[in-house]
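Take a look at the letters that make up each chain.
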Amino acid sequence: MDKKQYRLGIDIGSTTVKIAILDEKNEVLFSDYQRHFANIQETLARLLVEAREKLGEIDLVPMITGSGGLTLATHLHVTFVQEVVAVATALKAIAPKTDVAIELGGEDAKIIYFTGGIDQRMNGICAGGTGSFIDQMASLLQTDASGLNDYAKNYKAIYPIAARCGVFAKSDIQPLINQGAAHEDLAASIFNAVATQTIAGLACGRPIRGTVMFLGGPLHFLPALREAYKTLLPKADAFVTPDDA
């Protein structure tokens, strides 16, 4: 009896491993998202075991993307797709009205313009203004990223903080902590700094207009971070955060 073939997408990021198994109708049958703490193969194996326990024995056609995926793809002889190409291809298929996509990962940030031709921009070797930066700043306030989000909901003031470098940001935040600045204001200021860094560092003056799609873990899980971007993007018409951002 012929078996159906399902598609397995694997994303090996700088801090997390994500997998998704889709059927022929593009319905997601299984997905998960876990930090790998540099144990990439073990984390991926654990996710695949979980998928098999839920779905049983099925035939999979895999592809790998992500900043840490090329070596694994080569080792496993699995097709590798560059992550910006993967994001752009997916959005053209499922959200063709997207004008600009903004994505934050563990150690990278991307802006993809769709109007007037594809224009893909990605940060360089510095992780300033990304998920790892948010984690680092949260530790200064003795909380985590979710805790920052909770604090930022009730802010009253925004302080200037340099998001392009964790060292510089710490030198901005520590005196404010010592002076008794409210955690709510500091959290909102951190998110504002992240949004400013992405827009200034990647847009480089090109306007962000139309429908803006928010992607990546930080923007998916932190509504207060999304609000920081919205405040800085008055020319956008709409902001969308898909269920599987």
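The preceding data block contains the structure.
Everything numeric in this text was worked out from a predicted model, so none of it was measured. (Residues numbered from 1 in each chain as written. Predicted model: local features only at pLDDT ≥ 70, side-chain atom pairs only at ≥ 80, totals over all residues. Heavy atoms only, no water.)

### As for the environment of Ala-224
Basically, it comes down to this: Helix and strand definitions follow DSSP, with helices as H or I runs of at least four residues and strands as E runs of at least two, each counted in order from the N terminus. Note on exposure labels: buried denotes an accessible area under 20% of the residue type's maximum, exposed denotes more than 50%, and partly exposed covers the range between, all computed with a 1.4 Å probe on protein chains only. Note on definitions: a residue-residue contact is assigned when non-hydrogen atoms from the two residues lie within 4.5 Å.
Within the secondary structure, Ala-224 sits in helix α9 (residues 223–232). Judged by relative accessible area, Ala-224 falls into the buried class, the value being 15%. When neighbours within four sequence positions are excluded, Ala-224 is seen to be in contact with Asn-149, Ala-152 and Phe-191.

### Examining the packing of aromatic side chains
We count it as follows: The criterion for an aromatic pair is that two Phe, Tyr or Trp rings (for Trp, the six-membered ring) have centres within 6.5 Å, with stacked assigned to planes under 30 degrees apart, edge-to-face to planes over 60 apart and tilted to the rest.
In this structure the tally under the stated criterion is three aromatic pairs. Ring geometry for Phe-214 versus Phe-239: centroids 5.6 Å apart, planes at 10°, classification stacked. Taken as a pair, Phe-214 in strand β9 (residues 210–215) and Phe-239 in strand β10 (residues 236–240) lie far apart in primary sequence, 25 residues in all. A relative accessible area of 0% means that Phe-214 is categorised as buried. We classify Phe-239 as partly exposed; its relative accessible area is 25%.

### Some remarks on the nonpolar core
The cut-off we apply is this: Residue types Ala, Val, Leu, Ile, Met, Phe, Trp, Tyr and Cys, when buried and joined through side-chain atoms within 4.5 Å, form a set referred to as a nonpolar core.
The biggest cluster of nonpolar side chains holds 41 residues, and the ones touching the most others in it are Ile-102, Phe-191, Ile-208, Leu-225 and Tyr-229. Elements with a minimum of two residues in this core: β6 (100–104), β7 (109–113), α4 (131–140), α5 (145–152), α6 (166–178), α7 (183–203), β9 and α9. With 11 residues, the top contributor of residues to this core is α7. By size, the runner-up hydrophobic cluster in this structure holds 15 residues, among which are Tyr-6, Leu-8, Ile-64 and Leu-72.

### Quick look at the pattern of salt bridges
Defined as follows: Note on definitions: salt bridges are taken to be side-chain nitrogens of Lys or Arg within 4 Å of carboxyl oxygens of Asp or Glu.
Following the criterion strictly, the structure yields nine salt bridges and no others. Where Asp-11 meets Lys-18, a salt bridge forms, and the shortest distance between an N and an O atom there is 3.6 Å. Using a relative accessible area of 23% as the deciding quantity, one classes Asp-11 as partly exposed.

### Some thoughts on the sheet that holds strand β2 (residues 16–22)
Basically, it comes down to this: At least two bridges found by DSSP between two strands are what make those strands a pair. Axis definition: a line fitted to C-alpha atoms, limited for helices to the stretch in contact. Angles are taken between N-to-C directions and run from 0 to 180 degrees.
Spatially, β3-β2-β1-β4-β5 is the arrangement adopted by the five strands of the open sheet, whose pairing is mixed. Edge positions in the sheet fall to β3 (28–35) and β5 (79–80), since each of these pairs with one other strand and no more. As paired strands, β2 and β3 are joined by seven bridges and run antiparallel to one another. Directly across from Leu-22, in β3, lies its bridge partner Val-28. Strand contacts of helix α1 (residues 40–55): β1 (5–12), β2 and β3, with the helix running at about 150° to β3, the strand carrying the most contacts.

### Quick word on α1
Here is the rule: Multiplying 1.5 Å by the helix residue count minus one yields the expected span of that helix. Picture the helix axis, draw a direction to every C-beta atom, and the arc is the one those directions span.
Over its 16 residues, α1 runs 22 Å from end to end, which matches the ideal 22 Å to within 8%, given 1.5 Å per residue. Along α1, the residues that are buried comprise Thr-43, Leu-44, Leu-47 and Ala-51. Relative to the axis of α1, the buried residues are bounded by an arc of 95° and lie together on one face. Exposed side of α1, more than 90 degrees from the buried face: Gln-41 and Glu-53 are the residues found there. Elements that come into contact with the buried residues of α1 comprise β1, β2, β3 and α2 (70–76). Once α1 finishes, Gly-56 follows within two positions and takes phi at roughly 80°, a positive value.

### Notes on the sheet that holds β7
A sheet is described by the order of its strands in space; here five strands give the open sequence β8-β7-β6-β9-β10, paired in mixed fashion. Looking at the sheet topology across the chains shown, the edges are occupied by β8 (119–122) and β10. Direction aside, neighbouring strands of the sheet carry axes that sit 15° apart on average. The sheet contact formed by β6 and β7 spans five bridges and is antiparallel. Bridged to Ile-102 within β7 is Ile-111. The sheet strands contacting helix α3 (residues 83–94) are β6, β7, β8 and β9, and the helix crosses β7 at an angle near 45°. Across the sheet, α7 touches β6, β7 and β8, and the angle it forms with β7 is around 55°.

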